[in-house]
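Architecture at a glance
Listed below are the residues making up each chain.
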Amino acid sequence: MVLAIGDQEPFVSRPMGGAPPRTESINEHLLDGQQRLTALWRALNNLYEDRTYFALLSPESDDTPLVVGISRWDRNGQRYPLWADQPGAQLERGLVPASLLNPETGSDEIGHWCDEATNYDAKSRNIERQIGQLQRAVREANLPYLVLPVGTDPDVAIDVFVKMNTTAVQLDEFDILVAQFEGATGESLHDLEGSLRAAIPATERYIPVSELVLRVAALRENHPPTEASFMRLDMQRLLDDWSAIERGIAGAIAFLAEERIFDRERLPTIAVIPVLASVWSLMPQSLDAHGQARTVLRQYLWRSFFTDRYERGAATAALQDHRGLVAQLVSGDMGASAPILDESEYPIVEVETLKGAPWPKLRNTLARGILAVSLRGGGRDFADDTPASHEALTKREYHHLFPAALLREASIADWKINLALNCSLLTWNTNRDISAKEPVAYLRERVDRANLDSWQIQSRLNSHTIPFDQLNVGGYSEESDADKRAESIREDYEKFLDARAEAIHRAAVDLSNGREWNGLA
């Protein structure tokens, strides 16, 4: 929503983040959509320090460019991953920098990238043509907007803004389907939903029951779990399948808990739940076949956390994986397999990529995947030694293993302090005195009882897949030279990140191959 303005600006204004300074008078204020347009501007101009955006160079993207974001991080003055700055490596992955799609990017710059990416091969011009199509799609895209005319009273503009953002409450898909369901079957969808919620109350920890039912029903009818699919569901079939859907949801929720993923805040991607629930409702129950199916589902679950399978087009990916799993586990087609299980197509992320995963409270698949591994090994609490559970996690907090104050003293940037590898969920004493202490000493002082022996601390750290030796460092207070002290902290922190990334990677590989993981030995 924009406000047209005349000679005088009715509100204090500023340019979007990263936008060039204005060179002419302002004639519009952007009232609503600032974050979206800022994100679009920054992506098209490569202005994010911690992320680079790419477009997929594929036939499907000629009309609508498909975009992926790659996490970036610095190490020893080098920006990783290295391939994200190398045209040849980018093209090998079927990617082109989103900045080339900027309508202001000239043909010379595009041509130069194509030449470098192909090493001046003859196919360079064909790649340049494809990029031109993508750029044209961006340039010609229509962005719908509402405009308030010149002279609109500022109070009126504010009122319209508030109403657009707070009162335009639409019926969700489930509410719309309730009437259709009752008309087709004579049954109450609300009553069935309430019964399912009462029977499996843990479901709501992960996803609303009404949403999950529709997603599972769509998959069972061989449709992607999207709003469009919900509107064409067979209502009679939904009623006929209700018991199977409920059984599948119960199995999927129990399976997630067994894999120590206890709620939505700790779930790396919600896309897996409908697939698990639908497959569970169909798969064999005999002991051997059921056990084999569980192993495959463990592979599926953990590969969804540590590959890029669900980074884009999650609904389509979910349908394809569902088809493969059903064919393999239900129909017994040994030649069938879910695409996500193809290691050559969807490899486990590299160790270096793990080191760039942000703080796991963010909605980041890889960051939460790292936390999931930490809990999968038992996640025993420092204070009372209880293993991780939904109830136990309500008492725990996200804390830095290397204290933030210690790392800031060594001039380490906040983004590198707030990494998933530097995080663990632990119960802490109410004494929150933050000081630049050595990691294990700091942990010992923060737990409810401070009389833990080193072997006890090591055992509990192992259950979180946290390497004890690389965390049990210190002697910083004995160094009088501030520069040497800071350098020592930085070196120890890097060694810790390296060691934990390796440990998490080993766990991810084991779990993604269906094996158990019970923490570090």
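A short tour of the structure in this document, coming up. (Residues numbered from 1 in each chain as written. Predicted model: local features only at pLDDT ≥ 70, side-chain atom pairs only at ≥ 80, totals over all residues. Heavy atoms only, no water.)

**A short note on the overall build of the protein**
Looking only at helices and strands, the protein features 23 helices and ten strands. When the backbone C-alpha atoms are referred to their principal axes, the protein occupies close to 70 × 70 × 60 Å. For the protein, the residues scored as buried account for 49% of the 521 residues in total. Restricting the contact set of the protein to residue pairs at least 6 apart, pairs at least 24 apart contribute 67%. Surface exposure of the protein reaches about 25,600 Å², of which carbon and sulfur atoms provide 48%. Taking the 54 positively charged and 78 negatively charged side chains of the protein as two groups, their mean positions are separated by 4 Å. (Helix = DSSP H or I, 4+ residues; strand = E, 2+ residues; numbered from the N terminus. Buried < 20%, exposed > 50% of the residue type's maximum accessible area, 1.4 Å probe, protein only. Contact = heavy atoms within 4.5 Å. Areas by Shrake-Rupley, 256 points an atom, 1.4 Å probe, with all protein chains shown as cover. Lys, Arg positive; Asp, Glu negative; His and termini not counted. Charge placed at Lys NZ, Arg CZ, Asp CG, Glu CD.)

**Concerning the nonpolar core**
With 104 residues, the main nonpolar core has Phe306 and Leu325 as its most contacted residues. Looking at this core, the element that brings in the most residues is helix α23 (residues 482-512), giving eleven residues. Once you skip the residues sitting within four places of it in the chain, Leu325 turns out to touch Val275, Val279, Val296, Leu297, Tyr300, Val330, Ala338 and Leu341. Membership of the second largest hydrophobic core comes to 14 residues, among which are Ile110, Cys114, Ile127 and Ile131. (Core = buried A, V, L, I, M, F, W, Y, C linked by side-chain atoms within 4.5 Å.)

**Here's the deal with the pattern of salt bridges**
Throughout the structure, instances matching the rule amount to 30 salt bridges. Among the ionic pairs, Glu352 bridges to Arg75, the shortest N-O distance being 2.8 Å. Taken together, the residues Glu352 in helix α15 (residues 351-354) and Arg75 in strand β5 (residues 73-75) connect sequence positions 277 residues apart. Owing to a relative accessible area of 24%, Glu352 belongs among the partly exposed residues under this scheme. With relative accessibility at 17%, the residue Arg75 sits in the buried group. (Salt bridge = Lys/Arg side-chain N within 4 Å of Asp/Glu carboxyl O.)

**Looking at the side chain of Asp381**
Position of Asp381 among the secondary structure elements: in the loop between α16 (365-376) and α17 (390-393). Among the residues examined, Asp381 registers a relative accessible area of 0% and is labelled buried. Within polar-contact distance, the side chain of Asp381 engages the backbone nitrogen of Asp384 at 3.2 Å. Residues in contact with Asp381, not counting those within four places in the same chain, are Thr386, Arg396, Leu426, Thr427 and Arg460. (Polar contact = N/O pair within 3.5 Å; in protein donor to acceptor, adjacent residues only side chain to side chain.)

**Brief notes about the sheet that holds strand β2 (residues 28-30)**
The strand order β2-β1-β8 describes an open sheet built from three strands, whose pairing is mixed. Edge positions in the sheet fall to β2 and β8 (147-148), since each of these pairs with one other strand and no more. (Pairing = 2+ DSSP bridges.)

**Some details on the packing of aromatic side chains**
Think of a pair of aromatic rings as described by two things: how far the centres are apart, and how the planes are tilted against each other in angle. This model, assessed by the stated rule, comprises eight aromatic pairs. Judged by centre distance (6.3 Å) and plane angle (15 degrees), the rings of Trp73 and Tyr80 are stacked. Accessibility expressed as a relative area gives 4% for Trp73, which makes it buried. One aromatic cluster in this structure is built from Phe402, Tyr493 and Phe496. Between Arg42 and the ring centre of Tyr48, over which it is positioned, the NZ or CZ distance is 4.3 Å. (Phe/Tyr/Trp six-rings, centres within 6.5 Å; stacked < 30°, edge-to-face > 60°. Lys NZ or Arg CZ within 6 Å of the ring centre and 35° of its normal.)

**Concerning the packing of helix α13 (residues 287-306) against α23**
It is the contact of α13 with α23, at a shortest axis distance of 7 Å, that shows an interaxial angle of 145 degrees. Where α13 abuts α23, its residues Arg298, Gln299, Trp302, Arg303 and Phe306 lie against Ile504, Ala508, Leu511 and Ser512. Along the lines of polarity and charge, the residues of the contact of α13 with α23 split into five nonpolar, two polar and two charged. (Axes fitted to C-alpha atoms, helices over the stretch in contact; angles between N-to-C directions. Nonpolar A, V, L, I, M, F, W, Y, C, P; charged D, E, K, R; others polar.)

**Focus on a negative patch on the surface**
Side chains of Asp308, Glu311, Asp342 and Glu345 sit close together on the surface and give a patch of like negative charge. Locating Glu311 in the fold gives a position in the loop between α13 and α14 (314-329). With relative accessibility at 42%, the residue Glu311 sits in the partly exposed group. (Patch = residues over 30% accessible without salt bridge, like charges linked within 9 Å, V, L, I, M, F, W, Y side chains within 5 Å.)

**Some thoughts on a nonpolar patch on the surface**
A cluster of nonpolar side chains, namely Leu37, Leu40 and Leu143, defines an oily patch on the protein surface of about 250 Å² accessible area. Its place among the elements puts Leu37 in helix α1 (residues 34-44).

**Quick notes on helix α8 (residues 209-220)**
An α-helical turn contains 3.6 residues, so a residue and the one three or four places further along point in the same direction. Over its twelve residues, α8 runs 16 Å from end to end, which matches the ideal 16 Å to within 8%, given 1.5 Å per residue. Of all twelve residues in α8, eleven are buried, a share of seventy percent or more. Within the sequence span of α8, burial applies to Val209, Ser210, Leu212, Val213, Leu214, Arg215, Val216, Ala217, Ala218, Leu219 and Arg220. Looking one or two residues beyond α8, the residue adopting positive phi is Asn222, at roughly 65 degrees. (Expected span 1.5 Å × (residues − 1).)

**Regarding the environment of Tyr476**
Tracing the backbone shows Tyr476 in the loop between α22 (468-471) and α23. Through-space distance from the C-alpha of Tyr476 to that of Arg14 is 45 Å; in sequence the pair is 462 residues apart. Once you skip the residues sitting within four places of it in the chain, Tyr476 turns out to touch Phe402, Leu406, Glu438, Arg485, Ser488, Ile489 and Asp492. Side-chain polar atoms of Tyr476 contact the side chain of Asp492, separated by 2.6 Å.

**Some words on the sheet that holds strand β7 (residues 95-97)**
Strands sit in the order β4-β3-β7 across an open sheet of three strands; the sheet is antiparallel. Two strands bound the open sheet, and with one partner strand each, they are β4 (67-71) and β7. Each strand axis lies, on average, 40 degrees off the axis of its neighbour in the sheet, ignoring direction. One ladder, built from three bridges, connects strand β3 (residues 51-56) with β7; its direction is antiparallel. Across the sheet, residue Ala55 finds its bridge partner in β7, namely Val96.

Everything listed here is a matter of coordinates, which is why it stays silent on function.
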